[in-house]
Amino acid sequence: MAASTHSASPLFLRETEIRRGLELLYFGNAHITRSIDRGLARQGLGRAHHRALYFIARKPDMPVSDLLALLAITKQSLGRVLNELMERGLVETRAGDRDRRQRLLRLTPAGVELEGSLYEALREKLSAAYSRAGQGAVTGFWAVLEGLIPDDEIARVEGLRG
């Protein structure tokens, strides 16, 4: 598939341009997440499980409270997801070093393997799209996505960088 020959109009804040961006964001996200749905379904897992696996992989020994804040879901929903992942032997917890009540999350070897295979499918799709678009477009894409994140959450997102 060739790179898009459409460029943003100088009137990029008009309704038609905003709608095009929303549509591309929606369909792009739908297609990239569909690329891992089969692998998740084979495990009896869904996208919420994947999000938890992904962020735990990014920050091993992440406190449950930090994951809760990152995912912005209810404590009950996260508890259900984590319990399923622990029952399947994909995630383990340990007590915090300073606060024994704190639960730190880490992927098990099986969790690392599953998350790695899911990541690889996503990496292939995104890498191909990045290659077609070019470095300047990728930088612009990141800037737009960062602009969607509220200022008070940027530090949390930046904290995921290694």
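Definitions and cut-offs
Note on numbering: residues in each chain are counted from 1, in written sequence order. Reporting of local features is limited, given that this is a predicted model, to residues whose pLDDT is at least 70; pairs of side-chain atoms are given and counted only at 80 or more, and all residues count toward the totals for whole chains, interfaces and linings. Based on all heavy atoms of the structure, the side-chain values leave hydrogens and waters out of the count. Between the rings of Phe, Tyr and Trp (Trp by its six-membered ring), a pair exists once the centres lie within 6.5 Å; its type follows the angle of the planes, with under 30 degrees stacked, over 60 edge-to-face, and the other angles tilted. Relative accessibility decides the category of a residue: with a 1.4 Å probe and only protein chains considered, values under 20% of the type maximum give buried, values over 50% give exposed, and everything between is partly exposed. Only DSSP runs of H or I covering at least 4 residues are called helices, and only runs of E covering at least 2 are called strands; the numbering of each starts at the N terminus. An expected span of 1.5 Å times one less than the residue number is assigned to each helix. A contact between two residues is defined here by any heavy atoms of the two lying within 4.5 Å. Within 3.5 Å is the distance limit for a polar contact, defined as a pair of N or O atoms, with the added protein rule that one can donate a hydrogen and the other accept it, and that residues adjacent in sequence qualify only through two side-chain atoms. Structural elements are reduced to axes, namely lines fitted to C-alpha atoms, with helices fitted over the stretch in contact, and the angle between N-to-C directions of any two is expressed from 0 to 180 degrees. Roughly parallel here means an angle under 35 degrees, roughly antiparallel means over 145, roughly perpendicular means 65 to 115, and every remaining angle is called oblique. Left-handed describes a crossing whose near helix is turned anticlockwise from the far helix by less than a right angle; the clockwise case is right-handed. Just so you know the grouping, Ala, Val, Leu, Ile, Met, Phe, Trp, Tyr, Cys and Pro go in nonpolar, Asp, Glu, Lys and Arg go in charged, and all remaining residues, Gly too, go in polar. Residues qualify for a patch when their relative accessible area is over 30% and they have no salt bridge, like charges being joined within 9 Å and the nonpolar side chains of Val, Leu, Ile, Met, Phe, Trp and Tyr within 5 Å. Shrake-Rupley sampling with a 1.4 Å probe provides the accessible areas, and residues are treated as covered by the protein chains on show and by no other component. When a carboxyl oxygen of Asp or Glu lies within 4 Å of a side-chain nitrogen of Lys or Arg, that pair is called a salt bridge.

Caption draft 1: Structural detail: the packing of aromatic side chains. Taken as a whole and assessed by the stated rule, the structure comprises three aromatic pairs. With a centroid separation of 5.1 Å and 85° between ring planes, the pair formed by tyrosine 54 and phenylalanine 55 is classed as edge-to-face. Exposure remark for tyrosine 54: the relative accessible area of 26% places this residue in the partly exposed category. Overall, the relative accessible area of 17% leaves phenylalanine 55 in the buried class.

Caption draft 2: Expanded view of helix H5 (residues 109–133). For H5, with 25 residues, the first-to-last C-alpha span of 35 Å sits near the 36 Å given by 1.5 Å per residue. Listing the buried residues of H5 in full gives Gly111, Leu114, Glu115, Leu118 and Leu122. Elements that come into contact with the buried residues of H5 comprise helix H1 (15–42), helix H2 (47–58) and strand E3 (103–107).

Caption draft 3: Representation of the environment of arginine 51. Along the polypeptide, arginine 51 turns up in helix H2. Between the alpha carbons of arginine 51 and phenylalanine 27 there is a distance of 19 Å; along the sequence they are 24 residues apart.

Caption draft 4: Structural view of the side chain of histidine 49. Locating histidine 49 in the fold gives a position in helix H2. Here glycine 46 takes part through its backbone nitrogen, which lies 2.9 Å from a polar atom of the side chain of histidine 49. A polar contact of 2.8 Å, which involves the side chain of histidine 49, links it to the side chain of glutamate 84. Once residues within four sequence positions are removed from consideration, histidine 49 is found in contact with Val81, Glu84 and Leu85.

Caption draft 5: Examining the packing of H2 against helix H3 (residues 64–71) more closely. Here H2 crosses H3 at 125°, and the two axes come no closer than 11 Å. As summarised for this structure, H2 and H3 are arranged oblique, according to the angle between their axes. Note that H2 runs across H3; the crossing there is right-handed. Along its contact with H2, which presents Arg51, Ala52, Phe55 and Ile56, the element H3 presents Leu67, Leu70 and Leu71. Along the lines of polarity and charge, the residues of the contact of H2 with H3 split into six nonpolar, no polar and one charged.

Caption draft 6: Focus on the environment of leucine 45. Structurally, the position occupied by leucine 45 is in the loop between H1 and H2. Sequence-wise, leucine 45 and aspartate 152 are 107 residues apart; in three dimensions their C-alpha atoms are separated by 31 Å. The contacts of leucine 45, once residues within four sequence positions are left out, are Leu40, Leu85, Arg88, Leu90 and Leu114.

Caption draft 7: Structural view of a nonpolar patch on the surface. A cluster of nonpolar side chains, contributed by Phe12, Leu13, Ile18 and Leu22, occupies part of the molecular surface with about 440 Å² of accessible area. Looking at the element boundaries, leucine 22 is found in helix H1. With a relative accessible area of 54%, leucine 22 lands in the exposed category.

Caption draft 8: Here's a closer look at the pattern of salt bridges. Considering all chains together, one arrives at seven salt bridges under this definition. Between glutamate 15 and arginine 19 there is a salt bridge; the shortest N-O distance is 2.7 Å. You can see glutamate 15 and its partner arginine 19 sitting in helix H1, four residues apart, about one turn around the helix. Given a relative accessible area of 47%, arginine 19 falls into the partly exposed group. A salt bridge links glutamate 120 to arginine 123; the nearest nitrogen and oxygen atoms lie 2.7 Å apart. Of the two residues, glutamate 120 and arginine 123 are both situated in helix H5; the distance of three residues between them amounts to about one turn of the helix. On the accessibility criterion, arginine 123 (34% relative accessible area) is partly exposed.

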